[in-house]
Amino acid sequence: MVGVIVCGHGNLPQEFVRAAEMICGMQKNICAVSFQMWEDPCLVQERYEEAIEELDCTDGVLFLCDLFGGTPFNEASRLVATDETYGIVTGLNLPLLIDILTSRRKLNGSMAMRDLLAEVKRLAHEGIASLHMDDLDAEDMASGVAS
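Residues numbered from 1 in each chain as written. Predicted model: local features only at pLDDT ≥ 70, side-chain atom pairs only at ≥ 80, totals over all residues. Heavy atoms only, no water.

An unreviewed UniProt entry annotates the protein chain as PTS fructose transporter subunit IIA of Selenomonas dianae. In UniProt, the protein chain has this text filed under Subcellular location (unreviewed entry): "Cytoplasm". (UniProt positions renumbered as here; feature names shortened; annotations may be inferred.)

Asks: Just checking my understanding: could you explain the pattern of salt bridges for this structure?
Replies: Note on pairing: side chains with opposite charge can pair once their charged atoms come close. According to the stated counting rule, one finds 5 salt bridges in the structure shown. A salt bridge links Arg47 to Glu39; its shortest N-O distance comes to 2.7 Å. When its relative accessible area of 25% is taken as the criterion, Arg47 is described as partly exposed. Overall, Glu39 belongs to the buried group, its relative accessible area being 17%. (Salt bridge = Lys/Arg side-chain N within 4 Å of Asp/Glu carboxyl O. Buried < 20%, exposed > 50% of the residue type's maximum accessible area, 1.4 Å probe, protein only.)

Asks: Any chance you could explain the sheet that holds strand S4 (residues 86-90) here in plain terms?
Replies: Sheet strands line up and pair through hydrogen bonds in the backbone, either parallel or antiparallel. Within the open sheet, the 4 strands sit side by side as S2-S1-S3-S4. Their pairing is parallel. Sheet topology places strand S2 (30-35) and S4 at the edges, where each strand pairs with a single neighbour. In this sheet, adjacent strand axes meet at a mean angle of 20 degrees when their direction is disregarded. As paired elements, strand S1 (residues 2-9) and S2 share 6 bridges and run parallel to each other. Within the sheet, the bridge partner assigned to Val6 lies in S2 and is Ala32. (Pairing = 2+ DSSP bridges. Helix = DSSP H or I, 4+ residues; strand = E, 2+ residues; numbered from the N terminus. Axes fitted to C-alpha atoms, helices over the stretch in contact; angles between N-to-C directions.)

Asks: Teacher, can you tell me more about the packing of aromatic side chains here?
Replies: Each aromatic ring pair is specified by the distance between its two centres and by the angle formed by the two planes. The tally for this structure, following the rule as stated, stands at 3 aromatic pairs. When the ring of Tyr48 is compared with that of Phe63, the centres are 5.0 Å apart and the planes differ by 70 degrees; the resulting orientation is edge-to-face. Taken together, the residues Tyr48 in helix H2 (residues 41-54) and Phe63 in strand S3 (residues 60-65) connect sequence positions 15 residues apart. On the basis of relative accessibility, which here comes to 0%, the residue Phe63 falls in the buried class. Among the aromatic side chains, those forming a connected cluster through ring pairs are Tyr48, Phe63 and Tyr86. (Phe/Tyr/Trp six-rings, centres within 6.5 Å; stacked < 30°, edge-to-face > 60°.)

If you want it as C-alpha cells, here you go:
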C-alpha cells in the first residue's frame with residue numbers, strides 16, 4: 001500500500017483532508033502534515049517521519065504538496081531523494097485529492113511510483129475546469145444548470 005501524506009502551509013493540509021472526507025467518507029492510510037510560518041523547517045521532517053511510521057507505506061509514499069519550492073515540498077524532497085518508492089506531486093487541489101481517494105486501487109502497489117505520479121498529474125489536469133457564459137446554451141441559461 002502507498003501511504004498518502006497531504007502537506008502544505010498553515011492548516012491547508014488538514015482542511016483538504018477534512019473536505020475530502022466530507023465527500024468521500026472517512027479515509028485510511030492518509031495523513032495531513034502542516035508547516036506554520038513560525039516553525040523550524042526540521043519539524044516538518046520529523047512530522048513526515050512520524051507519519052511514515054504510522055501509515056502503511058510498504059509500497060511507498062505519495063506526498064501531495066500545496067506548493068512547489070515551499071518548505072513542505074523541500075523537506076519532502078529530502079525523503080524522496082533517498083527512496084525510489086517515494087514521490088511528490090505539487091499543486092494539490094480538492095478534485096485531485098477526491099480522485100485519488102476514490103481510486104484507491106492505484107495506491108495498492110500495483111503501479112510503479114513513476115507511473116503513479118504520471119497518473120496523478122493526469123488526474124490533476126482533468127480536475128481543473130472553467131465556465132464562461134459563452135459556454136452555456138439557451139437551455140442551460142434557462143435552467144441555471146451548466147452542462
